[in-house]
Amino acid sequence: MLKLWTVEADLVLAGKLPPLLPFVPVLKGGDEERVVQRALALLRAEPQLAELEPLLAFMASFALDSELVRRIRKPPT
């Protein structure tokens, strides 16, 4: 059994475990705005993973304020 809260967010952000990107907000050290923004950028950069953006937002809602999550998800202008 994998206990997500014990996995370092930096490990996932370094490209070691891309399928875990949507879970970054609940990983160890993943409950910060800049970390979630980085995970979102990595998801959007990979066509196979981009469809997981709503899951990232859902998981982020457990760690961050809902309004902050909406701002993070707003497409760049």
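Everything that follows concerns the structure shown earlier in this document.
Residues numbered from 1 in each chain as written. Predicted model: local features only at pLDDT ≥ 70, side-chain atom pairs only at ≥ 80, totals over all residues. Heavy atoms only, no water.

S.K.: Whenever I open this one, the pattern of salt bridges confuses me. Can you help?
M.R.: Two side chains with opposite charge may pair up if their charged atoms get near one another. Under the criterion given, the structure shown has five salt bridges. Here Arg 44 ties to Glu 53 by a salt bridge, and the two come within 2.9 Å at their closest N and O atoms. We classify Arg 44 as partly exposed; its relative accessible area is 33%. Glu 53 sits in the buried class, given a relative accessible area of 12%. (Salt bridge = Lys/Arg side-chain N within 4 Å of Asp/Glu carboxyl O. Buried < 20%, exposed > 50% of the residue type's maximum accessible area, 1.4 Å probe, protein only.)

S.K.: What's the story with the nonpolar core in this structure? I'm lost.
M.R.: Across soluble globular proteins, you tend to see nonpolar side chains buried next to one another. Ranked by internal contacts, the top residues of the largest apolar core, which has 21 residues, are Val 12, Leu 21 and Val 24. Counting residues per element, the ones that place at least two in this core are α1 (9-13), α2 (33-45), α3 (53-60) and α4 (66-73). In terms of residue count, the dominant contributor to this core is α2 (five residues). Not counting chain neighbours up to four residues away, the residues in contact with Leu 21 comprise Val 12, Leu 13, Ala 39, Leu 42, Leu 43, Leu 49 and Leu 56. (Core = buried A, V, L, I, M, F, W, Y, C linked by side-chain atoms within 4.5 Å. Helix = DSSP H or I, 4+ residues; strand = E, 2+ residues; numbered from the N terminus. Contact = heavy atoms within 4.5 Å.)

S.K.: Teacher, can you tell me more about the environment of Leu 55 here?
M.R.: Within the secondary structure layout, Leu 55 lies in helix α3. On the accessibility criterion, Leu 55 (31% relative accessible area) is partly exposed. Distance in space between the C-alpha atoms of Leu 55 and Val 24 is 10 Å, their sequence separation being 31 residues.

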